[in-house]
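# Residue-level structure breakdown
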Amino acid sequence: MIMSISIELKPEIEELLQQEAWAKGVSLEAYVEELIVQQVSQPHTTSHIGSEEIDQAPNSLAEGSDDRPVLPLEVYSRESIYQDHN
């Protein structure tokens, strides 16, 4: 069974697709079909975060924290956290 679909594209996207199709020497329809087949044929993978991104994460979280007040260490004591419990 062959499925036929119709989609509306912005003119600039259609132009880019047409240019790519011409560069490959195929029709626009054949090129779009090729793109779809490639997309659905690829195994689904999760994105992997590199060590550089992991190293930068604390810096990103800390951005803008210079204006936040520094709390005294007593605030983090067990007694302070569980003051309502015996």
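Bear in mind that the values here come from a model prediction, so they are computed numbers and not experimental data.

This brings us to the packing of helix α1 (residues 11-24) against helix α2 (residues 28-41). Where α1 contacts α2, the axes come no closer than 9 Å and their chain directions differ by 100°. Compared by their axis directions, α1 and α2 come out roughly perpendicular. Counting all contacts with α1, which are made through L17, Q18, E20, A21 and K24, the residues of α2 involved are L28, Y31, V32, E34 and L35. Residues belonging to the contact of α1 with α2 are distributed by class as follows: 6 nonpolar, 1 polar and 3 charged.

What follows is about the environment of S47. Relative to the helices and strands, S47 is located in the loop between α2 and α3 (51-62). What makes S47 exposed here is its relative accessible area of 70%. Each C-alpha atom, one on S47 and one on Y76, is 36 Å from the other, the two residues being 29 residues apart in sequence.

The next thing to look at is α3. Counting buried positions along α3 gives 0 out of 12 residues, so the element sits mostly on the surface. At the C-terminal side of α3, G64 shows a positive phi close to 85°.

Across its 14 residues, α1 extends 20 Å between first and last C-alpha, which sits within 8% of the 20 Å expected from 1.5 Å per residue. Every buried residue of α1 is listed here: L17, Q18 and A21. Down the axis of α1, the smallest arc covering the buried residues is 100°, so these residues share one side. Turned more than 90 degrees away from the buried face of α1 sit W22 and A23, all of them exposed. Against α2 lie the buried residues of α1.

So, how was this worked out
Residues numbered from 1 in each chain as written. Predicted model: local features only at pLDDT ≥ 70, side-chain atom pairs only at ≥ 80, totals over all residues. Heavy atoms only, no water. Axes fitted to C-alpha atoms, helices over the stretch in contact; angles between N-to-C directions. Helix = DSSP H or I, 4+ residues; strand = E, 2+ residues; numbered from the N terminus. Parallel < 35°, antiparallel > 145°, perpendicular 65-115°, else oblique. Contact = heavy atoms within 4.5 Å. Nonpolar A, V, L, I, M, F, W, Y, C, P; charged D, E, K, R; others polar. Buried < 20%, exposed > 50% of the residue type's maximum accessible area, 1.4 Å probe, protein only. Expected span 1.5 Å × (residues − 1). Arc of directions from axis to C-beta.

Function cannot be inferred from these measures alone, as they are strictly geometric.
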